[in-house]
Amino acid sequence: MKNIAQSLTDLRHEIAACAREHGRDATAVSLLAVSKKQPVAAIRAALDAGQTDFGENYLQEALDKMTALADSHACWHFIGPLQSNKTRAVAEHFDWVHTLDRDKVARRLSEQRPADRPPLNVCIQVNISAEASKSGVDPARLPELAATISSLPGLRLRGLMALPAPTVDFEAQRRPFRQLRETFEQLRAGGLELDTLSLGTSADFAAAIAEGSTLVRLGTAVFGARPG
Ligand SMILES: *Cc1c(COP(=O)(O)O)cnc(C)c1O
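The notes below deal with the structure included here. The model shown is predicted, which means the values in this text are computed figures rather than measured ones. (Residues numbered from 1 in each chain as written. Predicted model: local features only at pLDDT ≥ 70, side-chain atom pairs only at ≥ 80, totals over all residues. Heavy atoms only, no water.)

## Quick word on the overall build of the chain
- Broken down by element type, the chain carries nine helices and eight strands.
- In terms of overall dimensions, the chain is globule-like: its C-alpha atoms have a radius of gyration of 17 Å, near the 17 Å expected for 228 residues.
- Structurally, the chain occupies a C-alpha span of about 45 × 40 × 30 Å along its principal axes.
- Sorting the 228 residues of the chain into buried and exposed places 53% on the buried side.
- A separation of at least 24 residues holds for 58% of the contacts in the chain among residues at least 6 apart in sequence.
- On the chain, roughly 10,600 Å² of surface is accessible, and the fraction owed to carbon and sulfur atoms is 49%.
- The positive charge centre, built from 27 side chains, and the negative charge centre, built from 27, are 3 Å apart in the chain. (Helix = DSSP H or I, 4+ residues; strand = E, 2+ residues; numbered from the N terminus. Rg over C-alpha atoms; globule rule 2.2 N^0.38 Å. Buried < 20%, exposed > 50% of the residue type's maximum accessible area, 1.4 Å probe, protein only. Contact = heavy atoms within 4.5 Å. Areas by Shrake-Rupley, 256 points an atom, 1.4 Å probe, with all protein chains shown as cover. Lys, Arg positive; Asp, Glu negative; His and termini not counted. Charge placed at Lys NZ, Arg CZ, Asp CG, Glu CD.)

Structure follows, in structure tokens:
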């Protein structure tokens, strides 16, 4: 197993340095450790190293890990594709959802959020030009979806998320992130109180931070290659 504590220390320094380099506060960007397909022992190692936020893509796998780590104070983020038939478990067990892109799913999550828990934090996934998958709302339909979501009592709209197609060129990596940040600023100018831009993976987080990401989602950089 990779030395997870060391990776986290190195990445925190790298993220802070990158933020400063682009005129931002060193604490402006938080790190979400993407633990999909990683064993519980790897998550424990990260928890022991002070990491609290974890991203999971597959519902059953995530629920099993939550059970195994019920004694921890981990904060769980759902970052995989979300179908309507999975909303109840997500609403009951997660703290965040980053991949909300349909109002039907939003309404179900809001209705199914347990009354004794704070509203579920959500980011809307936007399908900007170079999206790697078919997920995400069309930017033209974003203002309407954002308005709907902000009216739902069980949800708290925090911001936007995107997953652009991979490219190695730094300037090409920046372009879709910049587009999303501009969209984010338009929504804020329209009166929505958003504070989260969920942008950047192990392969492109420096470009995402350059363009204003407030949360990078790092899997392989933290844990090493995913098994299987
Ligand atoms: C898997 C995944 C990541 C992490 O990717 P790495 O390349 O391992 O850093 C980030 N975001 C989403 C939505 C993912 O599915």
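## Quick notes on the packing of aromatic side chains
- If you walk through the whole model with that rule in mind, you get two aromatic pairs.
- Ring geometry for F54 and W76: centres 5.9 Å apart, planes at 40°, overall tilted. Of this pair, F54 sits in strand β2 (residues 53-56) while W76 sits in strand β3 (residues 75-78); the two residues are 22 residues apart in sequence, bridging distant segments of the chain. An identical accessibility class is assigned to F54 and W76; each is buried.
- Considering the side-chain rings of F78 and F94, the 5.3 Å spacing of their centres and the 85° angle between planes classify their relative orientation as edge-to-face. (Phe/Tyr/Trp six-rings, centres within 6.5 Å; stacked < 30°, edge-to-face > 60°.)

## Brief notes about the site of the ligand
- Inspection of the region around the ligand gives 13 residues, with K36, N57, S202, T220 and R226 positioned closest.
- Contacts to the ligand include R217, whose side-chain N or O atom sits 2.9 Å from a nitrogen atom.
- Protein burial of the ligand: of its 390 Å² of free accessible surface, 88% is covered by the chains.
- For the shell around the ligand, the class distribution of residues is five nonpolar, five polar and three charged. (Near = heavy atom within 4 Å. Polar contact = N/O pair within 3.5 Å; in protein donor to acceptor, adjacent residues only side chain to side chain. Nonpolar A, V, L, I, M, F, W, Y, C, P; charged D, E, K, R; others polar.)

## Brief notes about the nonpolar core
- Counting residues in hydrophobic clusters, the biggest one holds 63 residues, and the most contacted among them are L109 and I124.
- For this core, the leading source of residues is helix α1 (residues 4-21), giving six residues.
- In this structure, I124 is in contact with H98, L100, V137, L142, L145, A146, I149, L157, G159, L160 and M161, ignoring residues within four places of it in sequence. (Core = buried A, V, L, I, M, F, W, Y, C linked by side-chain atoms within 4.5 Å.)

## What to know about α1
- In this model, α1 (18 residues) spans 25 Å end to end at C-alpha, consistent with the 26 Å of a helix rising 1.5 Å per residue.
- Regarding α1, the residues found buried are I4, S7, L8, L11, I15, A16, C18 and A19. Here the buried residues of α1 occupy an arc of 160° about the axis, which is enough to place them on one side. Facing away from the buried surface of α1 by more than 90 degrees, the exposed residues are H13, R20 and E21.
- Along its buried surface, α1 packs onto β1 (30-34), α2 (40-48), α8 (205-210), β8 (215-218) and α9 (220-223).
- Just downstream of α1 lies G23, where phi reads positive at about 75°. (Expected span 1.5 Å × (residues − 1). Arc of directions from axis to C-beta.)

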